[in-house]
Amino acid sequence: QVQLVESGGGLVQAGGSLRLSCAASGRSMYTMGWFRQAPGKEREFVAAISWNNGRSKYADSVKGRFPISRDNAKNTVYLQMNSLKPEDTATYYCAAREGDILSDTPSRYQYWGQGTQVTVSA
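Structure report, in brief. (Residues numbered from 1 in each chain as written. Predicted model: local features only at pLDDT ≥ 70, side-chain atom pairs only at ≥ 80, totals over all residues. Heavy atoms only, no water.)

What follows covers the overall build of the chain. In terms of regular secondary structure, the chain is built from 0 helices and 11 strands. In sequence order, the chain lays out its α and β elements as β-β-β-β-β-β-β-β-β-β-β. Against the globule reference of 14 Å for 122 residues, the chain gives a C-alpha radius of gyration of 13 Å, in line with a compact fold. Considering only C-alpha atoms, the chain reaches an extent of 40 × 30 × 25 Å along its principal axes. Sorting the 122 residues of the chain into buried and exposed places 43% on the buried side. Sequence-distant contacts in the chain: of pairs separated by 6 or more residues, those separated by 24 or more amount to 58%. A total accessible area of about 6200 Å² is found for the chain, and carbon and sulfur atoms account for 47% of it. Taking the average location of the 14 positive side-chain charges in the chain and that of its 10 negative ones, the two points are 3 Å from each other. (Helix = DSSP H or I, 4+ residues; strand = E, 2+ residues; numbered from the N terminus. Rg over C-alpha atoms; globule rule 2.2 N^0.38 Å. Buried < 20%, exposed > 50% of the residue type's maximum accessible area, 1.4 Å probe, protein only. Contact = heavy atoms within 4.5 Å. Areas by Shrake-Rupley, 256 points an atom, 1.4 Å probe, with all protein chains shown as cover. Lys, Arg positive; Asp, Glu negative; His and termini not counted. Charge placed at Lys NZ, Arg CZ, Asp CG, Glu CD.)

Now for the environment of D88. Residue placement: D88 occurs in the loop between strand 8 (76–81) and strand 9 (90–98). On a C-alpha basis, the gap between D88 and V118 in space is 7.6 Å, while along the polypeptide they are 30 residues apart. In terms of polar contacts, D88 uses its side chain to reach the backbone amide nitrogen of K85, at 2.8 Å. (Polar contact = N/O pair within 3.5 Å; in protein donor to acceptor, adjacent residues only side chain to side chain.)

Before going further, it helps to spend a moment on the pattern of salt bridges. Should their charged atoms come close, side chains of opposite charge can pair. Under the defined criterion, the tally for this structure stands at 6 salt bridges. A salt bridge links D60 to K63; the nearest nitrogen and oxygen atoms lie 3.5 Å apart. Here D60 and K63 have matching classes, each one exposed. Across the salt bridge formed by D88 and R65, the nearest N and O atoms sit 2.8 Å from each other. Remark: R65 occurs in the loop between strand 6 (56–58) and strand 7 (68–71) and D88 occurs in the loop between strand 8 and strand 9; sequence separation between them is 23 residues. With respect to class, D88 is no different from R65; both count as buried. Residues participating in the shared-partner salt-bridge network are R36, E44, R65 and D88. (Salt bridge = Lys/Arg side-chain N within 4 Å of Asp/Glu carboxyl O.)

Okay, the nonpolar core next. Membership of the largest hydrophobic core comes to 34 residues, with the highest contact counts inside it found for L4, M32, W34, L79, M81 and Y92. Elements with a contribution of two residues or more to this core: strand 3 (18–24), strand 4 (30–37), strand 5 (44–49), strand 8, strand 9 and strand 11 (116–121). The contacts of L4, once residues within four sequence positions are left out, are C22, A23, A24, M32, C94, A95, A96, Y111, W112, G113 and Q114. (Core = buried A, V, L, I, M, F, W, Y, C linked by side-chain atoms within 4.5 Å.)

Most of strand 8 is tucked away, with 5 of its 6 residues classed as buried. Note: strand 3 against strand 8, 6 bridges, orientation antiparallel. The residue bridging C22 from the neighbouring strand is V77, located in strand 8. Counting the residues that bridge the hairpin from strand 7 to strand 8 gives 4 residues, and of these N75 lies at a positive phi of roughly 55°. (Pairing = 2+ DSSP bridges.)

Below, the discussion takes up the state of the cysteines. This structure, assessed with the given rule, holds 1 disulfide. Covalent S-S linkage joins C22 and C94, the inter-sulfur distance amounting to 2.0 Å. Its torsion about the S-S bond being -80°, the disulfide of C22 and C94 is classed as left-handed. Of this pair, C22 sits in strand 3 while C94 sits in strand 9; the two residues are 72 residues apart in sequence, bridging distant segments of the chain. Residue classification places C94 among the buried positions, given a relative accessible area of 0%. (Disulfide = S-S within 2.5 Å.)

Below is the structure:
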């Protein structure tokens, strides 16, 4: 069992940057992921990272722009969002799954945060 709390969202102009953080309670050996959801759209995968920082996975839409990282000592995962585009506007959710298999499927993640809003203006 784990509880997740996202932070770092806000309003930013296109081309700007934001860093999202996800603080997790409980044990740190989870695969951590970021997903996002815009109103009226399905939840989509953004990035994931293994518990030991050995592997990561990205959606094509954010690859090269949104590096994911984690600090196991702080039990926190980060999403550094650079070169933001209006299309990135969404509620961003942190998620965790037991085990160390990277997945881009929301149903594979057992634990979810409440989300943090990211709005990118043109």
